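# Observations on the model geometry
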Amino acid sequence: MAHTNQSVVSEFVLLGLSDSWGLQLFFFAIFSIVYVTSVLGNIMIIIIISSDSRLNSPMYFLLSNLSFIDICQSNFATPKMLVDFFIEHKTISFHGCMAQIFLLHSFVGSEMMLLVAMAYDRFIAICKPLHYSTIMTRRLCVIFVLISWTVGILHSVSHLVFTVDLPFCGPNEVDSFFCDLPLVIELACMDTYEMDILTLTNSGLISLSCFLALIVSYTIILITVRRRSSSGSSKALSTLTAHITVVILFFGPCIYFYIWPFSRLSVDKFLSVFYTVCTPLLNPIIYSLRNEDVKSAFQKLRSRHVSSWKN
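Every value quoted in this text rests on a predicted model; they were computed, and no experiment measured them.

On the surface, Val 36, Leu 40, Ile 43, Met 44, Ile 47 and Phe 298 cluster together into a nonpolar patch covering about 470 Å² of accessible area. Counting residues per element, the nonpolar patch draws most heavily on helix α1 (residues 21-51), which supplies 5 residues. Mapped onto the fold, Ile 47 is located in helix α1.

Turning our eyes to something else, we now look at the UniProt feature "transmembrane region" (unreviewed entry) in the protein. As recorded in UniProt, the sites labelled "transmembrane region" (unreviewed entry) are residues 25-48, 60-78, 98-120, 140-162, 205-225, 237-259 and 271-289. Between the C-alpha atoms that bound residues 60-78 the distance is 27 Å, and the span itself is 89% helix and 0% strand. Counted over residues 98-120, helix gives 100% and strand 0%. Its end C-alpha atoms are 33 Å apart.

Bridge count for strand β1 (residues 11-14) against strand β2 (residues 91-93) is 3 bridges, and the pairing is antiparallel. Looking at the pairing, Glu 11 lines up with Ser 93 of β2. The sheet contact formed by β1 and strand β3 (residues 173-174) spans 2 bridges and is parallel. Counterpart to Val 13 in the pairing with β3 is Glu 173.

Moving on, we come to the sheet that holds β1. The strands making up a sheet associate through hydrogen bonds between their backbones, and the pairing can be parallel or antiparallel. In space, the 3 strands of this open sheet follow the order β2-β1-β3, with mixed pairing throughout. The open sheet terminates on both sides in strands that have one partner only, identified here as β2 and β3. The strands touched by helix α4 (residues 94-127) are β1 and β2; relative to β2, the strand with the most contacts, the crossing angle is about 85°.

What follows concerns the state of the cysteines. For the structure on display, the rule yields 2 disulfides. Disulfide connectivity for the protein, with bonded cysteines indexed by sequence position, reads 1-3, 2-4.

Moving on, we get to the packing of α4 against helix α6 (residues 138-163). Direction vectors running N to C along α4 and α6 enclose 145°, while the axes themselves pass 7 Å from each other. Where α4 crosses over α6, the handedness of that crossing is right-handed. Looking at the contact of α4 with α6 residue by residue, the classes come out as 18 nonpolar, 10 polar and no charged.

What follows covers the nonpolar core. Within the largest apolar cluster, 64 residues are counted, with the highest numbers of intra-cluster contacts made by Phe 31, Leu 62 and Met 112. Among the elements that make up this core, the one with the highest residue count is α4 (11 residues). In this structure Phe 31 touches Leu 17, Met 81, Leu 82, Phe 85, Val 273 and Val 277, once residues within four positions along its chain are discounted. In this structure, Val 9, Phe 12, Val 174 and Leu 183 belong to the second largest nonpolar core, which totals 21 residues.

Compared with an ideal rise of 1.5 Å per residue, which puts 18 residues at 26 Å, helix α2 (residues 58-75) spans 26 Å between its outermost C-alpha atoms and is within 8% of the ideal. By the criterion of burial, α2 is predominantly enclosed, with 16 of the 18 residues buried.

Scored by pLDDT, the protein comes out at a mean of 84, with 88% of its residues at no less than 70. A low-confidence stretch, residues 1-5 (pLDDT under 50), is modelled with 8 contacts involving residues beyond four sequence positions or located in other chains.

Before going further, it helps to examine the side chain of Thr 224. By the secondary structure assignment, Thr 224 is in helix α8 (residues 193-226). With sequence-adjacent residues up to four places away left out, Thr 224 is seen in contact with Ile 126 and Cys 127.

Procedures and definitions
Along each chain, residues carry numbers from 1 onward, in the same order as the chain's sequence is written. pLDDT decides what is reported in this predicted model: residues at 70 or higher carry local features, side-chain atom pairs at 80 or more are listed and counted, and totals for whole chains, interfaces and linings draw on all residues regardless. To obtain the side-chain values, all non-hydrogen atoms of the structure were used and water was disregarded. Any residue with relative accessible area above 30% and no salt bridge may belong to a patch, with like charges joined within 9 Å and the nonpolar Val, Leu, Ile, Met, Phe, Trp and Tyr side chains within 5 Å. Note that accessible areas follow from Shrake-Rupley with a 1.4 Å probe, and for residues the cover is restricted to the protein chains shown. Each salt bridge in this description consists of a side-chain nitrogen of Lys or Arg and a carboxyl oxygen of Asp or Glu lying within 4 Å of one another. Starting at the N terminus, helices and strands are each numbered in turn, a helix being any DSSP run of H or I of at least four residues and a strand any DSSP run of E of at least two. UniProt positions are given in the numbering used here, feature names are shortened, and annotations may be inferred rather than shown by experiment. At least two DSSP bridges between two strands are needed for those strands to be called paired. Throughout, a contact is declared for two residues whenever any of their heavy atoms are within 4.5 Å. To define axes, lines are fitted to C-alpha atoms, for helices over the stretch in contact only, and angles between the resulting N-to-C directions are given on a 0 to 180 degree scale. To count as a disulfide, a pair of cysteine sulfur atoms needs to be within 2.5 Å. Handedness of a helix crossing follows the sense of rotation of the near helix relative to the far helix, less than a right angle counterclockwise being left-handed and clockwise being right-handed. Basically, the charged four are Asp, Glu, Lys and Arg, the nonpolar ten are Ala, Val, Leu, Ile, Met, Phe, Trp, Tyr, Cys and Pro, and anything else, Gly included, counts as polar. Here, nonpolar core refers to any group of buried Ala, Val, Leu, Ile, Met, Phe, Trp, Tyr and Cys residues whose side-chain atoms link them within 4.5 Å. Per-residue accessibility, obtained with a 1.4 Å probe over protein chains only, is compared with the maximum for each type, and a residue is labelled buried under 20%, exposed over 50%, and partly exposed between these values. Each helix should span, by expectation, one fewer than its residue count multiplied by 1.5 Å. pLDDT gives the predictor's per-residue confidence on a scale running from 0 to 100.

Next comes the structure, spelled out in structure tokens:
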């Protein structure tokens, strides 16, 4: 069924990552490991935080919500990509394509805002430690999470409301493994320059504003930490390093896409893989390796289950 009177495209063809059968098998093996590790790792973080009373703090509440978003992001396109490695003619329905666009931008927009909330939490904890417990209440953390999801969904809807009614009547091949918004817009049977500008402005604005807010916050925090010389400051610096690493790896590909929004290079496809498949893995790896509290809680949880299993 056509979506509008002008649209005749009922499905899109996903060209995937490679035509080589050998490479597709290799990608399937690698991305299956990344996908399973990412999902299980983020689930483990949520379980560890919820099961240890010592991690009952705003920072870890926000971290568990970040893990939940990463689980969602891992599942919006990766399972289909893994299945498509064994399918010669990779297709997705029109509505399925629109759903992927909606889900991706919802999750990415939500994660951006949540990273800002986590930066604010660290700012209060380090720069105003005496007021931390009165400012960073559970109610405020819940409000941060609700705002993050609201902004992400509104950001996504603002894209979709224009994209869904575009006339698709010609080529329907998307040169990616999922429905990437700029690539789908290019297939519309009309001049899409204004849509490109709208997409650039919309996504670029939220990305740049969140990134600048994070840079300013972490700069102030790092200056504050540098002025102190204590074990607490060293622990704060270790936590900040993990946060900053996530921010750089998360925003790097995103900013790249909006610096060159109208020219797609061959490297873009593999950056898309990193952004959608590998980024959700950053959370469990970086936070578990850099955070002593999380590692200690994991050891405690494992010891508890080993003891119960022996008994």
